[in-house]
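These are the residues of each chain, in order.
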Amino acid sequence: AGMAGGSADGAAVIAALNDIFATNLSEAELCKIGLRVGADVPFRLKGGTCLAQNVGEILSPLPALDECYIVLAKPDRGVSTKEAFAAFDTATNIRHLDTCAMLYAASQGDLREICKHTKNVFEQLIEVPERVPIKSTLNRHGALAACMSGSGPTVYGIFDDESKAQSAASALKSLVKNIYVTKPVTSGLVRKA
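Rules and cut-offs
- Residues numbered from 1 in each chain as written.
- Predicted model: local features only at pLDDT ≥ 70, side-chain atom pairs only at ≥ 80, totals over all residues.
- Heavy atoms only, no water.
- Pairing = 2+ DSSP bridges.
- Helix = DSSP H or I, 4+ residues; strand = E, 2+ residues; numbered from the N terminus.
- Axes fitted to C-alpha atoms, helices over the stretch in contact; angles between N-to-C directions.
- Contact = heavy atoms within 4.5 Å.
- 1 Å grid on protein atoms, 1.4 Å probe; cavity = no way out; pocket = protein on both sides within 12 Å on 5 of 7 lines; lining within 4 Å.
- Points joined across faces, edges and corners; volume = space filled by probe spheres on them.
- Nonpolar A, V, L, I, M, F, W, Y, C, P; charged D, E, K, R; others polar.
- Phe/Tyr/Trp six-rings, centres within 6.5 Å; stacked < 30°, edge-to-face > 60°.
- Core = buried A, V, L, I, M, F, W, Y, C linked by side-chain atoms within 4.5 Å.
- Buried < 20%, exposed > 50% of the residue type's maximum accessible area, 1.4 Å probe, protein only.

Draft legend 1. Structural view of the sheet that holds strand β5 (residues 155-159). Overall, antiparallel pairing links the four strands, which are arranged β4-β5-β3-β6 in an open sheet. Either end of the sheet is taken by a strand with one partner, and the two such strands are β4 (145-148) and β6 (178-182). Strand-to-strand, the axes of this sheet are offset by a mean angle of 15 degrees, without reference to chain direction. Where β4 meets β5, four bridges bridge the pair, whose relative direction is antiparallel. Across the sheet, the residue bridging to Ala145 is Ile158, located in β5. Contacting β3 (69-74), β4 and β5, helix α7 (residues 131-140) runs over the sheet at an angle of about 10 degrees to β5.

And the structure:
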């Protein structure tokens with residue numbers, strides 16, 4: 001889906017093994033193990049709003065996002081992450097986002113400015129036929145940002161108003177089956193007793 005679901009599963013298994021075998025490994029040690037499983041695993045263990053650097057193992061905390069609602073719309077068709085990265089590796093003339101502006105906005109916790117700089121280079125490389133109508137619907141209903149997640153195919157919209165998010169989700173039902181309205185969380189893996 002382009003949302004690091006496999007990495008979330010990997011993080012859960014690593015944490016569960018740590019608990020089951022009472023190894024008492026620290027979060028840093030779990031993240032080091034997790035990095036060998038996948039680049040997003042350390043973030044899934046830590047969570048919150050972070051700047052991920054290098055391969056994904058350097059995580060610097062950023063201010064939590066203001067209250068917002070995120071609409072997720074997942075088309076039926078999947079995207080191969082391996083093929084997406086191969087396409088990126090061979091592409092020329094990629095338009096990159098303004099990482100400095102995004103990092104500054106994130107460091108200030110400025111949701112509107114973050115949304116203004118939200119982009120995904122994979123949208124230039126991966127064809128997801130539903131992407132354009134999904135983004136158009138999200139924008140028509142007041143999304144502050146609408147973008148494909150990761151290597152796709154899921155598209156998300158960020159809203160500062162729950163009623164607008166719910167309205168967008170209802171309107172998307174004619175385009176895709178899998179639609180969710182969510183909110184950001186401030187932690188990664190949550191252990192339940």
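Draft legend 2. Inspection of the layout of surface pockets at higher detail. A volume near 170 Å³ is recorded for the second largest pocket. Lining the second largest pocket we find Arg95, His96, Leu97, Thr118, Lys119, Asn120, Val121, Glu123, Gln124, Lys135, Ala146 and Cys147. Among the residues forming the lining of the second largest pocket, the class breakdown is four nonpolar, four polar and four charged.

Draft legend 3. The packing of aromatic side chains, seen in detail. Tallied over the entire structure, the rule returns two aromatic pairs. With a centroid separation of 6.2 Å and an interplanar angle of 55 degrees, the aromatic rings of Phe88 and Phe122 are classed as tilted. Of this pair, Phe88 sits in helix α4 (residues 81-90) while Phe122 sits in the loop between α6 (111-116) and α7, and the two are 34 residues apart along the sequence. An aromatic cluster is built from Phe85, Phe88 and Phe122, whose rings are joined through pairwise contacts.

Draft legend 4. Here's a closer look at the nonpolar core. Of all hydrophobic cores here, the largest spans 15 residues; its most connected members are Val71, Ile134, Leu138, Phe159, Leu172 and Ile179. Among the secondary structure elements, those contributing two or more residues to this core are β3, α7, β5 and α8 (162-172). The element contributing the most residues to this core is α8, with four residues. Setting aside chain neighbours within four positions, we find Ile134 in contact with Ala73, Pro75, Val155, Leu172, Leu175 and Val176.

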